[in-house]
Amino acid sequence: MTLAMNDHESPTTHLDENQIDEAARALVDGLSNAADGFHCAECESEVRLHARVLQLARLLALDSRVPAGTPAIDAIRTIRRRSYHRRALGELATILTSMPQRERV
């Protein structure tokens, strides 16, 4: 009789991507106790896997480590080096076009 009952079982409907995402976000946010309530072990494992991925993404987004080196100072140096010729020519032009100063006697 068990064989006859297995023949009449309804096919399992799996969660789509949006449902997995919603369940995983609820799991990560603590809104859901666990991925309970799923009749399918495959869907439950998908939700748990997606929840782990979301947790890792949140940890990476909150990474507040100080960057190695001095990126701001290096960027300023690079900008100044690129504009050095223009600034030097501007200084020379100012010196050459300025009015001569009188010597005090």
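Here, the structure is the one placed above.
Residues numbered from 1 in each chain as written. Predicted model: local features only at pLDDT ≥ 70, side-chain atom pairs only at ≥ 80, totals over all residues. Heavy atoms only, no water.

*Asks:* Describe the overall build of the chain, listing the residues and the values that go with them.
*Replies:* When helices and strands are tallied, the chain shows five helices and zero strands. In the chain, the succession of α and β elements from N to C terminus is α-α-α-α-α. In the chain, the share of contacts with a sequence separation of at least 24, taken over all contacts with a separation of at least 6, comes to 56%. Surface accessibility of the chain: about 9900 Å² in total, with carbon and sulfur atoms responsible for 57%. (Helix = DSSP H or I, 4+ residues; strand = E, 2+ residues; numbered from the N terminus. Contact = heavy atoms within 4.5 Å. Areas by Shrake-Rupley, 256 points an atom, 1.4 Å probe, with all protein chains shown as cover.)

*Asks:* Residues and numbers for the pattern of salt bridges, please.
*Replies:* A full pass over the atoms with the stated rule returns four salt bridges. With a closest N to O distance of 3.0 Å, R25 and D21 form a salt bridge. Here the residue R25 and the residue D21 both occupy positions in helix α2 (residues 17–29), the gap between them amounting to four residues, near one helical turn. In this structure D21 comes out as partly exposed when scored by relative accessible area, which is 22%. The partner of D74 in a salt bridge is R77, with the nearest N and O atoms 4.0 Å apart. Of this pair, D74 and R77 both sit in helix α4 (residues 71–82), separated by three residues, roughly a single helical turn. With relative accessibility at 38%, the residue D74 sits in the partly exposed group. (Salt bridge = Lys/Arg side-chain N within 4 Å of Asp/Glu carboxyl O. Buried < 20%, exposed > 50% of the residue type's maximum accessible area, 1.4 Å probe, protein only.)

*Asks:* Break down the state of the cysteines for me, with residues and values.
*Replies:* Under the defined criterion, the tally for this structure stands at zero disulfides. Of the cysteine sulfurs around C40, a residue in no disulfide, the closest is that of C43, at 3.9 Å. Judged by relative accessible area, C40 falls into the buried class, the value being 12%. Given the relative accessible area of 5%, C43 is considered buried. (Disulfide = S-S within 2.5 Å.)

*Asks:* So what's going on with the packing of α2 against helix α3 (residues 41–61)? Residues and values would help.
*Replies:* Across the interface, α2 lies against α3 with an axial gap of 8 Å and an inter-helix angle of 60°. Taken as axis vectors, α2 and α3 run oblique relative to one another. In this structure, the crossing between α2 and α3 has a hand that is right-handed. Residues I20, D21, A23, A24, R25, L27, V28 and D29 of α2 touch α3, and the partners they reach there are E46, V47, H50, A51, L54, Q55 and R58. Broken down by class, the residue content of the contact of α2 with α3 amounts to eight nonpolar, two polar and five charged. (Axes fitted to C-alpha atoms, helices over the stretch in contact; angles between N-to-C directions. Parallel < 35°, antiparallel > 145°, perpendicular 65-115°, else oblique. Left-handed = near helix turned anticlockwise from the far one by under 90°. Nonpolar A, V, L, I, M, F, W, Y, C, P; charged D, E, K, R; others polar.)

*Asks:* Account for the nonpolar core, naming residues and giving values.
*Replies:* In terms of nonpolar packing, the biggest core is built from seven residues, these being I20, A23, A24, V28, V47, A51 and L54. Looking at this core, the elements with two or more residues in it are α2 and α3. A total of four residues in this core trace back to one element, the largest contributor, which is α2. Ignoring sequence-local partners within four residues, the contact set of I20 consists of L15, E46, V47 and H50. (Core = buried A, V, L, I, M, F, W, Y, C linked by side-chain atoms within 4.5 Å.)

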